[in-house]
Amino acid sequence: VKKSSRNSFCLFNREMNQRVQDSLRIDAHLRQALERKEMRVLFQPIVEASTGRMMKVEALLRWQSAELGNVPPDQFIPVAEETGQIVAIGLWVLEESCRRVRELQAVREDSVPLTVSVNVSARQLQDERFASIVSDVLRITGLPANQLELELTERIIIDDDRAVLANITALHEMGISLSLDDFGTGYSSLSYLTRFPLNTVKLDRAFVRDIEFNMQSLHLATAIIAMCRSLGLALVAEGIETQPQAELLGNHGCRYLQGYHFSRPVNPADIPQIAGFQPRR
Ligand code: C2E
Ligand code: CA
Ligand code: CA
Ligand code: CA
């Protein structure tokens with residue numbers, strides 16, 4: 001027993017060491033990623049369930065590193081958050097996203113504004129200047145404030161950080177929408193749904209996955225839809241992979257749907273070819 005526990009301790013150590021090594025490598029190469037133009041923003045459509053129209057796109061970051069190959073965001077974003085590099089990277093994502101959606105709007109029916117939804121990290125919102133930086137980006141890119149949405153997680157908003165709260169208030173007053181990402185995966189208190197000026201809630205795909213086969217899951221999703229509706233929050237269901245999932249959630253009143261069933265994240269230039277975009281005639 002003693003021997004095996006020592007062995008597993010060694011293994012644990014080696015794994016931890018490996019993870020530290022990986023993070024250091026990622027950090028080192030990440031420092032040059034922007035100037036080497038190794039980053040791209042992809043857009044994934046978010047569709048209005050009742051009409052099939054593409055009303056928003058979510059901006060999702062991609063990094064093709066010369067040395068490390070394609071590194072998924074789940075691997076490099078935590079590193080960038082820890083080192084603070086996410087502040088510069090996040091600003092680049094924001095500006096690129098606003099610019100690209102502005103270009104897309106130019107080839108779309110005027111009457112259907114396209115919103116871009118951008119993921120924001122705690123580090124960015126903790127910077128007192130964040131709201132005014134966002135305002136600068138809108139001015140520089142020419143994107144109207146009502147076509148920008150920022151996705152925040154529960155962890156960020158319940159942190160009670162003074163700068164975060166000031167930024168949230170300022171962004172809301174500027175007419176920017178705020179979206180609560182990964183709803184249902186984190187904390188249990190629901191009071192912040194009304195305490196913060198949220199416009200949108202994104203139902204995590206864990207709730208969507210088995211609604212076709214599991215009545216309990218469907219009941220849970222239906223209850224969340226009803227709750228959001230009565231609180232005046234627009235709900236986006238994430239991770240829609242099948243037609244039955246789209247139909248079930250749509251029929252139960254979920255306003256927006258997002259997932260591979262509609263489209264994978266794609267280059268912004270390819271967005272006009274996707275159904276529901278409504279190009280200008
Ligand atoms: P997220 O914000 O929850 O984004 C949704 C993730 O689900 C994306 O993974 C997307 O590609 C994936 N997805 C979309 N539809 C489906 C589906 O039908 N099935 C399945 N299985 N997956 C689907 P991705 O692009 O790998 O991003 C992972 C996470 O990295 C994001 O999760 C977000 O937390 C973070 N991230 C991505 N871009 C940025 C960024 O620019 N800034 C920050 N701070 N975080 C980002
Ligand atoms: Ca998101
Ligand atoms: Ca999410
Ligand atoms: Ca996530």
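Refer to the preceding data block for the structure.
Everything quoted here is computed from the prediction, not taken from an experiment.

Quick rundown of the coordination of the calcium ion (ligand 3)? Include the residues and the values.
Only Asp-181 (OD), Asp-182 (OD), Glu-238 (OE) and Glu-238 (OE) from the protein reach the calcium ion (ligand 3) as donors, at distances of 2.3 to 2.5 Å. All donors to the calcium ion (ligand 3) come from one chain, and their sequence spacing reads D-D-x55-E.

For the packing of aromatic side chains, give the residues involved together with the corresponding values.
A complete count under the given rule lists 1 aromatic pair for this structure. The interplanar angle of 80° and the centroid separation of 5.5 Å between the aromatic rings of Trp-63 and Phe-76 together place this pair among those described as edge-to-face. A residue pair is termed long-range when its members are at least 10 positions apart, and Trp-63 in strand β2 (residues 54–65) and Phe-76 in helix α2 (residues 73–83) qualify at 13 residues. Residue Trp-63 is classed as buried on the basis of its relative accessible area, which comes to 0%. The lysine or arginine in question, Lys-56, covers the ring of Tyr-256, its NZ or CZ lying 4.7 Å from the ring centre. We note Arg-264 situated over the ring of Tyr-260; from NZ or CZ to the ring centre the distance is 3.8 Å.

Give me the site of ligand 1: which residues, what numbers.
Residues in close proximity to ligand 1 total 21 residues, the closest being Gln-44, Arg-62, Ser-121, Glu-241 and Tyr-260. At 3.2 Å from an oxygen atom of ligand 1 is found a side-chain nitrogen or oxygen belonging to Asn-119. Between Asp-182 and ligand 1, the recorded distance is 3.3 Å, taken from a side-chain N or O atom to an oxygen atom. Look at ligand 1: alone it shows 810 Å² of surface, and the protein chains cover 84% of it. Mapped onto the shell around ligand 1, the elements with two or more residues apiece are β2, α2 and β6 (177–183). Here the shell around ligand 1 gets 4 residues from one element, more than from any other, and that element is β2. Here the residues of the shell around ligand 1 sort into 8 nonpolar, 5 polar and 8 charged.

Go over the nonpolar core with me, naming the residues and quoting the values.
Membership of the largest hydrophobic core comes to 71 residues, with the highest contact counts inside it found for Leu-148, Leu-150 and Leu-249. For this core, the element with the highest residue contribution is helix α3 (residues 86–106), accounting for 7 residues. Listed in part, the 6 residues of the second largest apolar core include Val-112, Ala-234, Val-236 and Tyr-256.

Explain the coordination of the calcium ion (ligand 2) residue by residue, including any values.
Glu-58 (OE), Asn-119 (OD1), Glu-151 (OE) and Asp-181 (OD) make up the full set of protein donors to the calcium ion (ligand 2), lying at 2.2 to 2.4 Å. Here the calcium ion (ligand 2) and the calcium ion (ligand 3) are spaced 3.9 Å apart, and both take Asp-181 as a donor. Within this pair, whereas Asn-119 is found in strand β4 (residues 115–119), its partner Glu-151 is found in strand β5 (residues 148–153), the two being separated by 32 residues in sequence.

Give a detailed account of the state of the cysteines, specifying residues and quantitative values.
A complete count under the given rule lists 0 disulfides for this structure. Lacking any disulfide linkage, Cys-254 is separated from the closest cysteine sulfur, that of Cys-228, by 8.5 Å. The class of Cys-254 is buried, set by a relative accessible area of 3%.

Tell me what's going on with the pattern of salt bridges, and back it up with residues and numbers.
Counted under the stated rule, the structure contains 15 salt bridges. Glu-151 serves as the salt-bridge partner of Lys-202, at 2.8 Å between the closest nitrogen and oxygen. Here Glu-151 lies in strand β5 and Lys-202 lies in strand β7 (residues 200–203), a separation of 51 residues in the sequence. A single burial state applies to Lys-202 and to Glu-151, both of which are buried. A cluster of three or more residues bridged by salt bridges with shared partners is formed by Glu-58, Glu-151, Lys-202 and Glu-238.

Give a detailed account of the pairing of β4, specifying residues and quantitative values.
Sheet faces and side chains relate simply in a regular strand, where the side chains alternate between the two faces. Counting buried residues in β4 gives 4 out of 5 residues, a clear majority hidden from the surface. Bridging between β2 and β4 involves 4 bridges; their strand directions are parallel. Paired with Ala-59 across the strands is Val-118, a residue of β4. Pairing of β4 with β5 involves 4 bridges; the strand directions are parallel. From the neighbouring strand, Ser-117 faces β5, where its bridge partner is Glu-149.

Pulling in residues and values, what's your account of helix α9 (residues 215–231)?
The end-to-end C-alpha separation of α9 is 24 Å, in line with the 24 Å expected for 17 residues at 1.5 Å each. Residues of α9 that are buried include every one of Ser-217, Leu-218, Ala-221, Ile-224, Ile-225 and Cys-228, and no others. Looking down the long axis of α9, one finds its buried residues gathered within 125° of arc, a one-sided arrangement. Residues of α9 that are exposed and angled more than 90 degrees away from the buried face: Met-215, Gln-216 and Ser-230. Buried residues along α9 sit in contact with β6, β7, β8 (234–237) and α10 (243–251). Positive backbone phi, at 75°, marks Gly-232, one or two positions downstream of α9.

Calculation criteria
Residues numbered from 1 in each chain as written. Chains lettered and ligands numbered in written order. Predicted model: local features only at pLDDT ≥ 70, side-chain atom pairs only at ≥ 80, totals over all residues. Heavy atoms only, no water. Donors = N, O, S within 2.8 Å, 3.2 Å for Na, K, Ca; no water. Phe/Tyr/Trp six-rings, centres within 6.5 Å; stacked < 30°, edge-to-face > 60°. Helix = DSSP H or I, 4+ residues; strand = E, 2+ residues; numbered from the N terminus. Buried < 20%, exposed > 50% of the residue type's maximum accessible area, 1.4 Å probe, protein only. Lys NZ or Arg CZ within 6 Å of the ring centre and 35° of its normal. Near = heavy atom within 4 Å. Polar contact = N/O pair within 3.5 Å; in protein donor to acceptor, adjacent residues only side chain to side chain. Areas by Shrake-Rupley, 256 points an atom, 1.4 Å probe, with all protein chains shown as cover. Nonpolar A, V, L, I, M, F, W, Y, C, P; charged D, E, K, R; others polar. Core = buried A, V, L, I, M, F, W, Y, C linked by side-chain atoms within 4.5 Å. Disulfide = S-S within 2.5 Å. Salt bridge = Lys/Arg side-chain N within 4 Å of Asp/Glu carboxyl O. Pairing = 2+ DSSP bridges. Expected span 1.5 Å × (residues − 1). Arc of directions from axis to C-beta. Contact = heavy atoms within 4.5 Å.

Everything listed here is a matter of geometry and, on its own, says nothing about what the molecule does.
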